[in-house]
Amino acid sequence: MSPFSDPYVAALQSFYNATSEKYTAQSSSFHNQSASHLVEAAGPAIQEGSWVLDLATGTGNVAFASASKVGSAGRVIGIDISDQMLAFAAQRAQQENLKDRVQFFHQDVTNMNLSEHVPLRRFDALTCGSAIAMFPDHQAVLRAASTQILKPGGVFVADMHGTHVPARIFLEVAIPRGFNPPFDAAWIDKTEECLVKLFDNSLFEVKYTGARDIGSESMKWDVSSVEATEKLWMSVVDDSPWLTFGLQNLPREVIAEIKEEWVKSVVQHSGLDGYLSCHMKQYVVVAQLRPT
(Lines give C-alpha, C1' and ligand atoms only; values in the text may rest on other atoms or scores of the structure.)
Protein backbone atom coordinates (compact mmCIF):
# COMPACT_ATOMS: atom_id res chain seq x y z
CA MET A 1 0.00 0.00 0.00
CA SER A 2 1.31 3.44 -0.90
CA PRO A 3 2.18 5.82 1.95
CA PHE A 4 0.98 8.71 -0.22
CA SER A 5 -2.65 9.77 0.23
CA ASP A 6 -3.03 11.55 -3.11
CA PRO A 7 -4.33 8.90 -5.58
CA TYR A 8 -2.39 10.43 -8.48
CA VAL A 9 0.89 10.42 -6.52
CA ALA A 10 0.20 6.85 -5.38
CA ALA A 11 -0.39 5.80 -9.01
CA LEU A 12 2.90 7.37 -10.09
CA GLN A 13 4.72 5.66 -7.24
CA SER A 14 3.25 2.28 -8.16
CA PHE A 15 4.17 2.70 -11.83
CA TYR A 16 7.76 3.80 -11.22
CA ASN A 17 8.29 1.07 -8.63
CA ALA A 18 7.07 -1.51 -11.15
CA THR A 19 9.29 -0.20 -13.95
CA SER A 20 12.38 0.75 -11.93
CA GLU A 21 14.50 -2.23 -13.01
CA LYS A 22 13.64 -1.79 -16.69
CA TYR A 23 14.18 1.96 -16.45
CA THR A 24 17.61 1.45 -14.90
CA ALA A 25 18.60 -1.07 -17.57
CA GLN A 26 17.47 1.29 -20.33
CA SER A 27 19.15 4.38 -18.90
CA SER A 28 21.09 5.70 -21.84
CA SER A 29 23.22 8.50 -23.18
CA PHE A 30 19.93 10.37 -23.72
CA HIS A 31 19.32 10.53 -19.96
CA ASN A 32 22.96 11.17 -19.10
CA GLN A 33 23.35 13.98 -21.63
CA SER A 34 20.14 15.62 -20.47
CA ALA A 35 21.25 15.42 -16.84
CA SER A 36 24.65 16.92 -17.62
CA HIS A 37 23.09 19.77 -19.60
CA LEU A 38 20.66 20.53 -16.78
CA VAL A 39 23.48 20.70 -14.23
CA GLU A 40 25.64 22.84 -16.52
CA ALA A 41 22.75 25.31 -16.87
CA ALA A 42 22.93 25.96 -13.11
CA GLY A 43 26.28 27.67 -13.64
CA PRO A 44 28.30 28.54 -10.52
CA ALA A 45 25.42 27.50 -8.24
CA ILE A 46 26.65 23.92 -8.72
CA GLN A 47 30.40 23.85 -8.19
CA GLU A 48 32.98 22.61 -5.70
CA GLY A 49 31.43 22.68 -2.23
CA SER A 50 27.83 23.33 -3.33
CA TRP A 51 24.82 21.72 -1.69
CA VAL A 52 22.21 20.50 -4.18
CA LEU A 53 18.71 19.06 -3.75
CA ASP A 54 17.40 17.00 -6.67
CA LEU A 55 13.61 16.64 -6.87
CA ALA A 56 12.04 13.51 -8.39
CA THR A 57 15.53 12.09 -8.61
CA GLY A 58 14.45 8.64 -9.82
CA THR A 59 17.58 6.53 -10.24
CA GLY A 60 19.75 9.59 -9.68
CA ASN A 61 20.98 10.70 -13.11
CA VAL A 62 20.84 14.41 -12.26
CA ALA A 63 22.06 13.81 -8.70
CA PHE A 64 25.17 11.99 -9.91
CA ALA A 65 25.83 14.67 -12.53
CA SER A 66 25.73 17.22 -9.70
CA ALA A 67 27.96 15.05 -7.52
CA SER A 68 30.68 15.20 -10.16
CA LYS A 69 30.67 19.00 -9.76
CA VAL A 70 30.37 19.51 -6.01
CA GLY A 71 33.35 17.34 -5.05
CA SER A 72 34.03 15.92 -1.61
CA ALA A 73 33.29 19.26 0.06
CA GLY A 74 29.75 19.40 -1.34
CA ARG A 75 26.68 17.29 -0.92
CA VAL A 76 23.78 16.15 -3.09
CA ILE A 77 20.44 14.91 -1.81
CA GLY A 78 17.86 13.27 -4.06
CA ILE A 79 14.23 12.68 -3.13
CA ASP A 80 11.59 10.65 -4.93
CA ILE A 81 8.28 8.88 -4.34
CA SER A 82 9.59 5.60 -5.80
CA ASP A 83 11.39 3.63 -3.13
CA GLN A 84 12.45 1.07 -5.74
CA MET A 85 14.14 3.67 -7.94
CA LEU A 86 15.82 5.12 -4.86
CA ALA A 87 17.17 1.67 -4.05
CA PHE A 88 18.90 1.54 -7.44
CA ALA A 89 20.25 5.06 -6.90
CA ALA A 90 21.62 4.16 -3.46
CA GLN A 91 23.22 1.02 -4.87
CA ARG A 92 24.97 3.07 -7.54
CA ALA A 93 26.22 5.54 -4.92
CA GLN A 94 27.74 2.66 -2.98
CA GLN A 95 29.30 1.12 -6.09
CA GLU A 96 30.89 4.44 -7.05
CA ASN A 97 32.04 5.20 -3.49
CA LEU A 98 29.86 8.31 -3.32
CA LYS A 99 27.76 7.49 -0.24
CA ASP A 100 29.29 10.40 1.68
CA ARG A 101 28.54 12.81 -1.17
CA VAL A 102 25.12 11.65 -2.46
CA GLN A 103 22.17 10.52 -0.36
CA PHE A 104 18.63 9.55 -1.29
CA PHE A 105 15.40 9.86 0.69
CA HIS A 106 11.84 8.67 0.13
CA GLN A 107 9.67 11.80 0.04
CA ASP A 108 6.91 13.51 -1.91
CA VAL A 109 8.10 16.79 -3.44
CA THR A 110 4.83 18.52 -2.54
CA ASN A 111 5.27 17.65 1.14
CA MET A 112 9.00 17.85 1.79
CA ASN A 113 10.54 17.54 5.24
CA LEU A 114 14.33 17.55 5.18
CA SER A 115 14.93 18.80 8.72
CA GLU A 116 15.86 15.39 10.11
CA HIS A 117 18.36 14.82 7.30
CA VAL A 118 19.92 18.28 6.93
CA PRO A 119 18.90 20.39 9.94
CA LEU A 120 19.32 24.14 9.56
CA ARG A 121 20.88 23.79 6.12
CA ARG A 122 19.97 25.77 3.01
CA PHE A 123 20.89 24.61 -0.49
CA ASP A 124 22.74 26.44 -3.26
CA ALA A 125 20.72 24.80 -6.02
CA LEU A 126 17.55 22.83 -6.51
CA THR A 127 17.28 20.65 -9.62
CA CYS A 128 14.41 18.77 -11.25
CA GLY A 129 14.96 16.67 -14.34
CA SER A 130 12.06 15.91 -16.66
CA ALA A 131 9.39 15.67 -13.96
CA ILE A 132 8.10 19.05 -12.88
CA ALA A 133 5.07 18.97 -15.19
CA MET A 134 3.83 15.93 -13.25
CA PHE A 135 3.81 17.64 -9.86
CA PRO A 136 0.22 17.99 -8.59
CA ASP A 137 0.96 21.22 -6.70
CA HIS A 138 3.63 23.44 -8.22
CA GLN A 139 2.96 26.27 -5.81
CA ALA A 140 3.63 24.05 -2.79
CA VAL A 141 7.01 23.14 -4.29
CA LEU A 142 7.89 26.79 -4.99
CA ARG A 143 6.84 27.86 -1.48
CA ALA A 144 9.04 25.21 0.08
CA ALA A 145 11.91 26.06 -2.25
CA SER A 146 11.78 29.77 -1.43
CA THR A 147 11.12 29.57 2.31
CA GLN A 148 12.78 26.34 3.47
CA ILE A 149 15.23 24.96 0.93
CA LEU A 150 17.24 27.51 -1.04
CA LYS A 151 19.64 30.16 0.16
CA PRO A 152 18.84 33.71 -0.97
CA GLY A 153 20.31 33.90 -4.45
CA GLY A 154 20.08 30.14 -4.89
CA VAL A 155 18.81 28.73 -8.17
CA PHE A 156 16.01 26.41 -9.21
CA VAL A 157 16.90 24.57 -12.43
CA ALA A 158 14.30 22.43 -14.19
CA ASP A 159 13.80 20.85 -17.57
CA MET A 160 11.18 19.02 -19.59
CA HIS A 161 11.34 17.22 -22.90
CA GLY A 162 8.98 17.71 -25.81
CA THR A 163 7.16 16.92 -27.96
CA HIS A 164 5.72 13.45 -27.29
CA VAL A 165 3.53 13.15 -30.38
CA PRO A 166 1.34 10.18 -29.28
CA ALA A 167 0.65 11.98 -25.99
CA ARG A 168 -0.23 15.24 -27.73
CA ILE A 169 -2.66 13.45 -30.03
CA PHE A 170 -4.16 11.59 -27.08
CA LEU A 171 -4.98 14.84 -25.30
CA GLU A 172 -6.31 16.42 -28.49
CA VAL A 173 -8.92 13.68 -28.86
CA ALA A 174 -9.54 12.87 -25.18
CA ILE A 175 -10.11 16.31 -23.62
CA PRO A 176 -13.08 17.23 -25.88
CA ARG A 177 -14.66 13.91 -24.84
CA GLY A 178 -14.59 14.66 -21.14
CA PHE A 179 -11.14 13.55 -20.06
CA ASN A 180 -9.57 15.75 -17.38
CA PRO A 181 -5.77 15.30 -17.57
CA PRO A 182 -3.78 15.26 -14.31
CA PHE A 183 -1.62 18.16 -15.53
CA ASP A 184 -1.95 21.22 -17.74
CA ALA A 185 -2.09 19.96 -21.32
CA ALA A 186 -0.07 22.98 -22.45
CA TRP A 187 3.03 21.22 -21.12
CA ILE A 188 2.96 18.95 -24.17
CA ASP A 189 3.36 21.56 -26.91
CA LYS A 190 4.14 24.80 -25.02
CA THR A 191 6.81 23.37 -22.78
CA GLU A 192 9.16 26.33 -22.57
CA GLU A 193 6.29 28.75 -21.93
CA CYS A 194 5.00 26.55 -19.11
CA LEU A 195 8.44 26.36 -17.50
CA VAL A 196 8.63 30.15 -17.39
CA LYS A 197 5.06 30.57 -16.14
CA LEU A 198 5.85 28.36 -13.16
CA PHE A 199 7.67 31.27 -11.57
CA ASP A 200 5.03 33.96 -12.18
CA ASN A 201 4.08 35.77 -8.96
CA SER A 202 6.79 33.95 -7.01
CA LEU A 203 9.92 34.98 -5.15
CA PHE A 204 11.99 33.77 -8.12
CA GLU A 205 13.35 35.67 -11.10
CA VAL A 206 13.79 33.73 -14.33
CA LYS A 207 17.40 34.14 -15.48
CA TYR A 208 17.56 31.80 -18.45
CA THR A 209 15.40 29.70 -20.73
CA GLY A 210 16.60 27.66 -23.65
CA ALA A 211 16.03 24.61 -25.80
CA ARG A 212 18.30 22.18 -27.57
CA ASP A 213 17.83 19.20 -29.83
CA ILE A 214 18.58 15.88 -28.19
CA GLY A 215 20.53 13.66 -30.53
CA SER A 216 20.76 13.91 -34.28
CA GLU A 217 17.91 11.53 -35.07
CA SER A 218 14.17 12.01 -34.68
CA MET A 219 12.10 10.20 -32.09
CA LYS A 220 9.89 7.64 -33.83
CA TRP A 221 6.74 5.73 -32.92
CA ASP A 222 5.63 2.77 -35.01
CA VAL A 223 2.04 2.85 -36.33
CA SER A 224 2.79 0.89 -39.50
CA SER A 225 0.37 -1.94 -38.67
CA VAL A 226 -2.70 -2.66 -36.57
CA GLU A 227 -0.54 -4.60 -34.12
CA ALA A 228 2.05 -1.82 -33.81
CA THR A 229 -0.63 0.82 -33.30
CA GLU A 230 -2.35 -1.30 -30.64
CA LYS A 231 0.99 -1.74 -28.86
CA LEU A 232 1.55 2.02 -28.90
CA TRP A 233 -1.96 2.65 -27.58
CA MET A 234 -1.35 0.25 -24.69
CA SER A 235 1.94 2.00 -23.98
CA VAL A 236 0.19 5.37 -23.83
CA VAL A 237 -2.64 4.10 -21.63
CA ASP A 238 -0.83 1.68 -19.32
CA ASP A 239 2.72 3.07 -19.18
CA SER A 240 1.96 6.77 -18.87
CA PRO A 241 0.00 7.44 -15.66
CA TRP A 242 1.33 11.01 -15.73
CA LEU A 243 -0.75 11.40 -18.90
CA THR A 244 -3.78 9.11 -18.61
CA PHE A 245 -4.56 9.04 -14.86
CA GLY A 246 -8.34 9.22 -14.51
CA LEU A 247 -9.13 7.80 -17.95
CA GLN A 248 -10.49 4.66 -16.29
CA ASN A 249 -13.24 6.77 -14.70
CA LEU A 250 -14.83 7.53 -18.06
CA PRO A 251 -17.57 5.25 -19.48
CA ARG A 252 -16.24 2.37 -21.57
CA GLU A 253 -17.93 3.64 -24.70
CA VAL A 254 -16.21 7.01 -24.30
CA ILE A 255 -12.81 5.36 -23.86
CA ALA A 256 -13.50 3.28 -26.98
CA GLU A 257 -14.36 6.45 -28.91
CA ILE A 258 -11.16 8.16 -27.69
CA LYS A 259 -9.12 5.16 -28.80
CA GLU A 260 -10.81 5.06 -32.21
CA GLU A 261 -10.15 8.76 -32.84
CA TRP A 262 -6.59 8.48 -31.54
CA VAL A 263 -5.85 5.60 -33.91
CA LYS A 264 -7.24 7.57 -36.85
CA SER A 265 -5.19 10.62 -35.95
CA VAL A 266 -1.85 8.87 -35.38
CA VAL A 267 -2.18 7.09 -38.70
CA GLN A 268 -3.04 10.38 -40.44
CA HIS A 269 0.03 12.05 -38.89
CA SER A 270 2.43 9.22 -39.73
CA GLY A 271 4.92 9.38 -42.58
CA LEU A 272 5.22 7.17 -45.63
CA ASP A 273 7.28 4.75 -43.52
CA GLY A 274 4.38 4.27 -41.10
CA TYR A 275 6.05 6.10 -38.21
CA LEU A 276 5.18 9.19 -36.21
CA SER A 277 8.32 11.26 -35.78
CA CYS A 278 9.62 14.49 -34.30
CA HIS A 279 12.86 16.00 -33.06
CA MET A 280 12.95 15.69 -29.28
CA LYS A 281 14.00 18.86 -27.49
CA GLN A 282 15.18 19.55 -23.97
CA TYR A 283 13.73 22.77 -22.54
CA VAL A 284 15.52 24.29 -19.54
CA VAL A 285 14.68 27.12 -17.17
CA VAL A 286 16.92 28.66 -14.50
CA ALA A 287 15.27 30.83 -11.87
CA GLN A 288 17.04 32.60 -9.00
CA LEU A 289 15.58 33.19 -5.57
CA ARG A 290 15.55 36.92 -5.01
CA PRO A 291 17.72 38.07 -2.10
CA THR A 292 15.71 39.05 0.97
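How each quantity is defined
Residues numbered from 1 in each chain as written. Predicted model: local features only at pLDDT ≥ 70, side-chain atom pairs only at ≥ 80, totals over all residues. Heavy atoms only, no water. Buried < 20%, exposed > 50% of the residue type's maximum accessible area, 1.4 Å probe, protein only. Helix = DSSP H or I, 4+ residues; strand = E, 2+ residues; numbered from the N terminus. Pairing = 2+ DSSP bridges. Right-handed = clockwise from strand over helix to strand, strands pointing away. Axes fitted to C-alpha atoms, helices over the stretch in contact; angles between N-to-C directions. Contact = heavy atoms within 4.5 Å. Parallel < 35°, antiparallel > 145°, perpendicular 65-115°, else oblique. Left-handed = near helix turned anticlockwise from the far one by under 90°. UniProt positions renumbered as here; feature names shortened; annotations may be inferred. Salt bridge = Lys/Arg side-chain N within 4 Å of Asp/Glu carboxyl O. Polar contact = N/O pair within 3.5 Å; in protein donor to acceptor, adjacent residues only side chain to side chain. Disulfide = S-S within 2.5 Å.

What follows covers helix α3 (residues 61-70). Most of α3 is tucked away: eight of the ten residues are buried. Of all the residues in α3, the buried ones are Asn61, Val62, Ala63, Phe64, Ala65, Ser66, Ala67 and Val70.

The next subject is the pairing of strand β5 (residues 150-162). Of all 13 residues that make up β5, ten are buried, and the element is covered over most of its length. In this structure, strand β4 (residues 123-129) lies alongside β5, joined through six bridges in parallel fashion. Considered in β5, the bridge of Thr127 is made with Val157. Read as a crossover between parallel neighbours, the route from β4 over helix α5 (residues 138-149) to β5 is right-handed.

Pairing is mixed across the open sheet formed by seven strands, whose spatial order is β3-β2-β1-β4-β5-β9-β6. The sheet is open, and its two edges are formed by β3 (102-106) and β6 (204-213), each paired on a single side. Going from strand to strand, the sheet's axes swing by 15 degrees on average, the running direction of each strand aside. Relative to strand β2 (residues 75-80), strand β1 (residues 51-55) runs parallel, the two sharing five bridges. Pairing of Val52 across the sheet is with Val76, part of β2. On the sheet, α5 packs against β1, β4, β5, β6 and β9 (281-289) and is oriented at approximately 150 degrees with respect to β5.

Here the focus is the packing of helix α9 (residues 226-238) against helix α11 (residues 252-269). Their axes nearest at 11 Å, the elements α9 and α11 cross at an angle of 120 degrees. Taken as axis vectors, α9 and α11 run oblique relative to one another. Between α9 and α11 lies a crossing of right-handed hand. Across the interface between the two elements, Thr229, Glu230, Leu232, Trp233 and Val236 from α9 touch Ile258, Lys259, Trp262, Val263 and Val266 from α11.

In the numbering used here, UniProt assigns the feature "domain: Methyltransferase" (unreviewed entry) to residues 48-162. Structurally, residues 48-162 comprises 30% helix and 31% strand, and the distance from its first C-alpha atom to its last is 32 Å.

For the structure on display, the rule yields eleven salt bridges. Linking Glu205 and Lys207 is a salt bridge whose minimum nitrogen-to-oxygen distance equals 3.6 Å. Classification of Glu205 by relative accessible area gives partly exposed; the value is 36%. On the basis of relative accessibility, which here comes to 47%, the residue Lys207 falls in the partly exposed class. Residues joined in a network through salt bridges with shared partners are Glu260, Glu261 and Lys264.

Time to look at the side chain of Ser146. Within the element layout of this structure, Ser146 appears in helix α5. Accessibility expressed as a relative area gives 14% for Ser146, which makes it buried. At 3.2 Å, the side chain of Ser146 and the backbone oxygen of Arg143 are in polar contact. When near neighbours in sequence (up to four residues on either side) are disregarded, Ser146 contacts Arg122, Leu203, Phe204 and Leu289.

Along α5, the positions that sit buried rather than exposed are His138, Ala140, Val141, Leu142, Ala144, Ala145, Ser146 and Ile149. Where α5 begins, one side-chain oxygen reaches toward the backbone nitrogen of Gln139, 3.3 Å away; that side chain belongs to Asp137.

On to the state of the cysteines. According to the stated counting rule, one finds zero disulfides in the structure shown. Cys128 carries a free sulfur, and the closest cysteine sulfur to it, the one in Cys194, is 14 Å from it. A relative accessible area of 0% means that Cys128 is categorised as buried. Here Cys278 is not cross-linked by a disulfide; its sulfur's nearest cysteine counterpart is in Cys194, at 17 Å.

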